[in-house]
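What follows is the residue order along each chain.
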Amino acid sequence: MERENFGNRFGVLVAMAGSAVGLGNLWRFPYLVGSYGGAAFIFVYIIFAFILCLPILISEAIVGRRSRSNAYGAFKKLAPGTKWKWLGAVSVFTPIIVVSYYSVIGGWSLEYFFKACTFSFTGGTTQSELGSMFDNFITSVWAPLFGHTLFLLLTGIVIIAGVKSGIEKFGKIMMPLLFVLVIIMAIRSMTLPGATEGLVYLFKPDFSKIDASVCSAALGQAFFSLSLGVGTMLTYGSYIKKSENLAASSTYTAVADFLFAMIASCAIMPAVFAFGLNPQEGPGLVFQTLPFIFSNMTMGGIIAIIFFLALIVAAITSSISLYEVGVAYLVEERKMSRKWSSAVVFVVAWVMGALCSLSFGPLSDVHILGQTIFNFFDKLSANFLMPLGGLLLVLFVGWKMTKADVFDEFTNGGTLSANRRIFNFVWFLIRYVCPIAVLVVFLSAFIF
Ligand code: TRP
């Protein structure tokens, strides 16, 4: 069967940016900015995202397009008969772990979207009411499981439709919509009385706040936000036509991802400050602090609907990319149909996700290495498997592939003159700077 490709440059961009822009931008980035001191964190983040992570993103796309294979097949093809295939195996399995807990949060977003549509956050609901609403919801059995199932089904439907008429088409409609939605929210938030303090917090760095924990959180976030280290960008890279400029598409993706995270922060932080709330709320920021703001501001009911809709859309385009890794593997390596492959991934992700979901309630006493199931999956993938996968991947591109092959992909056979000029610099980053930096952060996860 002919392998599918993304249709054109815009299609590549919406697919890659769709993967990158997700809960990581709307939920994780703002709360990390809040917890790690505002603009100083953003400053460190920019350096890591563009100097360390962008070359890794390009490397993943190169492995994908060079091999024209799924994440497992890629290493088998480019380094036949070596142990590198184990990296491929991990790259296929990790996204399934991620998609399982990602879709639990996706399910929460669906629930909160329904709550917003029935105007549950209007008329001055108090913070403690919203806190117990959230606690009661996530610790219960059926409602979160229902959300998780629905979210995974929505993702599965887009996947079954295929690379071009599913993933690409969905992205072309949803990504522009997403930007419009957050821009509306940012405007509303920034025009609240007292919003300036929030903007100062976001844009005026206090460099004395930068320390090792800020750096490690910023690099972890850059990895997560750019979907690195687990074979998603590799798989998408394999659908990019030979005539496209990989480095340019990757750069646009990183820029769009960062812009989106900043607009999301402008939608959230000014409102947090305007209401005199604590920016260091942590993971509860989106599901507890924000609904409080919505229920107390003019037009908050509508803004709540927009916000949770944006959260769902952003989450689906990302979970699609995670889901596709497993499907591409099953279709190409196990010769299964796309439908059956999607069903298999669905079942595995559903079971693991159900365990994650229940670990907030009935299974909260079950611990793996001292963590609840949800936290264990989250930590195992974000702190361990992703950096490890990213590290091995740059080592593969920098030290196992030949310079000539990487050059060939990077410059489309020497035809892209701008890329030819920057190649040596990027090659240096890939060979030396990225592996060392990622190793440091990887190890720091064990030390701190
Ligand atoms: N980048 C997405 C976000 O910011 C999540 C995501 C998609 C992801 N694919 C990934 C994270 C692969 C890590 C690895 O929400």
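Our subject is the structure that appears above.
This one's a predicted model, so the numbers in the text were calculated from it and none came from an experiment.

Interaxial distance between helix H5 (residues 84–117) and helix H6 (residues 127–139) falls to 12 Å at its minimum, and their mutual angle equals 135 degrees. Considered as vectors, H5 and H6 are oriented oblique to each other. Handedness of the H5/H6 crossing: right-handed. Residues Trp 108, Glu 111, Tyr 112 and Lys 115 of H5 touch H6, and the partners they reach there are Met 133, Phe 134, Phe 137 and Ile 138. Looking at side-chain class alone, the contact of H5 with H6 contains six nonpolar, no polar and two charged residues.

Before going further, it helps to examine the pattern of salt bridges. This structure, assessed with the given rule, holds 11 salt bridges. Linking Arg 66 and Asp 405 is a salt bridge whose minimum nitrogen-to-oxygen distance equals 3.3 Å. Pair noted here: Arg 66 is in helix H3 (residues 39–67) and Asp 405 is in helix H17 (residues 403–410), with a separation of 339 residues, a long-range link. Overall, Arg 66 belongs to the partly exposed group, its relative accessible area being 26%. Its salt-bridge partner being Glu 409, residue Arg 66 comes within 3.2 Å of it at the nearest N-O pair. A residue pair is termed long-range when its members are at least 10 positions apart, and Arg 66 in helix H3 and Glu 409 in helix H17 qualify at 343 residues. Judged by its relative accessible area of 2%, Glu 409 is buried. Connected through salt bridges with shared partners, the residues Arg 65, Arg 66, Lys 242, Asp 405, Asp 408 and Glu 409 form a single ionic network.

This part takes up the environment of Gly 7. Mapped onto the secondary structure, Gly 7 falls in the segment before helix H1 (9–20). For Gly 7, the contacting residues outside a window of four places in its chain are Lys 164, Glu 168 and Lys 241.

Running from N to C, helix H15 (residues 338–358) and helix H16 (residues 373–400) point in directions that differ by 120 degrees, and their axes come no closer than 7 Å. The angle between H15 and H16 places the two elements in the oblique class. The segment H15 lies against H16, with Met 352, Leu 355 and Cys 356 engaging Ile 373, Phe 374 and Phe 377. Here the residues of the contact of H15 with H16 sort into six nonpolar, no polar and no charged.

What follows deals with the site of the ligand. The local shell around the ligand holds 17 residues, among which Ala 20, Leu 23, Gly 24, Tyr 102 and Phe 224 are the closest. In the model, an oxygen atom of the ligand is placed 2.9 Å from a nitrogen or oxygen of the Ala 20 main chain. Gly 24 is positioned such that a nitrogen or oxygen atom in its backbone is 2.7 Å from an oxygen atom of the ligand. Counting residues per element, the ones that place at least two in the shell around the ligand are H1, helix H2 (23–35), helix H10 (212–225) and helix H14 (300–333).

Criteria and cut-off values
Residues numbered from 1 in each chain as written. Predicted model: local features only at pLDDT ≥ 70, side-chain atom pairs only at ≥ 80, totals over all residues. Heavy atoms only, no water. Axes fitted to C-alpha atoms, helices over the stretch in contact; angles between N-to-C directions. Helix = DSSP H or I, 4+ residues; strand = E, 2+ residues; numbered from the N terminus. Parallel < 35°, antiparallel > 145°, perpendicular 65-115°, else oblique. Left-handed = near helix turned anticlockwise from the far one by under 90°. Contact = heavy atoms within 4.5 Å. Nonpolar A, V, L, I, M, F, W, Y, C, P; charged D, E, K, R; others polar. Salt bridge = Lys/Arg side-chain N within 4 Å of Asp/Glu carboxyl O. Buried < 20%, exposed > 50% of the residue type's maximum accessible area, 1.4 Å probe, protein only. Near = heavy atom within 4 Å. Polar contact = N/O pair within 3.5 Å; in protein donor to acceptor, adjacent residues only side chain to side chain.

Everything listed here is a matter of coordinates, which is why it stays silent on function.
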